[in-house]
Amino acid sequence: DSVGIDCVAMCVNDIACAGGEPLFFLDYIACGKNEPEKIASIVSGVAEGCRQSNAALIGGETAEMPGFYPLDEYDLAGFAVGVVDRKNMITGKSIKEGDVLVGIASSGIHSNGYSLVRKVFPMKKENLAVSYESLGGKTLGETLLTPTIIYVKALRSVKEGGVTIKGCSHITGGGFYENIPRMLIDGMHAVVEKDSYPVPPIFKLLAEKGDIEEQMMYNTYNMGLGMIVAVDPADVDKTMKAIKAAGDEPYVVGHIEAGEKGVTLC
């Protein structure tokens, strides 16, 4: 019942990242066998994601495809439509040297890098039921199924607080190295301080169990920051206050300097 939230989040967070407001969402579920209870549970997660992002769930499709999907497997897809005035789009064009990067905490792995997760942790019931002290006593399964945070309210709160978000990066597949440069213009370089915020324990466990080098972790996962915004130094306090008011946890994680377009982690 939480994967539906993930599906919505991956769509509406991208819309919010561009400065938009999500309007509506549609879903598509394909399965080997239509089990009404399971489908209802998935859709309840989709509905919850729509509630969190203030978007309307206006329709969807369920396709039963025996012979194509195994009986106990399903595929969930969706898309969202949002709106933004062209003048309010977050494009990165106004980013300049000295701007501050504010990161918003993630809830864990979110929705990217699970192929690697499945290689590190065998997906068997007995493994997923193991509790880890480092995960706060939660089981591995519970931790891996923690829903993606929806950042629509947080970014709306920042804008309503009178702050101009100059650049915004939704940290999804490709982690820091592939997503942060997307919000930059040529001649601007982002610097992120790795020790400026807490990295959730699931990432440390994953790196340890899978013997994954640090650069690969930061090139695959959000490492504890689901969204990063660039703001003017004078707007940092207002930005932090607005994000907290929306119920999320912000951190000052770095800055912008002149240089080749890209990101340095230090």
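Cut-offs applied
Residues numbered from 1 in each chain as written. Predicted model: local features only at pLDDT ≥ 70, side-chain atom pairs only at ≥ 80, totals over all residues. Heavy atoms only, no water. Pairing = 2+ DSSP bridges. Helix = DSSP H or I, 4+ residues; strand = E, 2+ residues; numbered from the N terminus. Axes fitted to C-alpha atoms, helices over the stretch in contact; angles between N-to-C directions. Contact = heavy atoms within 4.5 Å. Salt bridge = Lys/Arg side-chain N within 4 Å of Asp/Glu carboxyl O. Buried < 20%, exposed > 50% of the residue type's maximum accessible area, 1.4 Å probe, protein only. 1 Å grid on protein atoms, 1.4 Å probe; cavity = no way out; pocket = protein on both sides within 12 Å on 5 of 7 lines; lining within 4 Å. Points joined across faces, edges and corners; volume = space filled by probe spheres on them. Nonpolar A, V, L, I, M, F, W, Y, C, P; charged D, E, K, R; others polar.

**Topic: the sheet that holds strand β6 (residues 188-192)**
Inference 1: The six strands are arranged β5-β7-β4-β8-β6-β9 in an open sheet whose pairing can be described as mixed. Here the strands that pair on one side only, and so sit at the sheet edges, are β5 (167-170) and β9 (262-265). This sheet shows a mean twist of 25° between the axes of neighbouring strands, independent of strand direction.
Inference 2: Bridge count between β5 and strand β7 (residues 225-231): four bridges; the pairing is antiparallel. Considered in β7, the bridge of glycine 167 is made with alanine 230.
Inference 3: Sheet strands touched by helix α1 (residues 3-17): β5 and β7. Its angle to β5, the strand with the most contacts, is close to 170°.

**Structural notes on the pattern of salt bridges**
Inference 1: On inspection of all chains with the given rule, the structure shows nine salt bridges.
Inference 2: Ionic pairing is found between arginine 51 and glutamate 48, a salt bridge with its closest N-O pair at 3.2 Å. With arginine 51 and glutamate 48 both in helix α2 (residues 36-53), this residue pair falls three residues apart, about one helical turn.
Inference 3: Owing to a relative accessible area of 58%, arginine 51 belongs among the exposed residues under this scheme.

**Thoughts on the layout of surface pockets**
Inference 1: Volume-wise, the largest pocket comes out at about 820 Å³.
Inference 2: Taken together, 22 residues make up the lining of the largest pocket; nearest its centre are Val3, Tyr74, Tyr114, Arg118 and Leu145.
Inference 3: Of all the secondary-structure elements, those providing two or more residues to the lining of the largest pocket are α1, α2, β3 (74-83), α3 (114-120) and α5 (140-144).
Inference 4: Class assignment of the residues belonging to the lining of the largest pocket gives a composition of eleven nonpolar, four polar and seven charged.
Inference 5: What lines the second largest pocket is a set of 14 residues, and nearest its centre among them are Cys17, Cys168, Ser169, Arg182 and Met183.
Inference 6: Those elements that place two or more of their residues in the lining of the second largest pocket are α1 and β5.

Shape descriptors only; they carry no functional weight alone.
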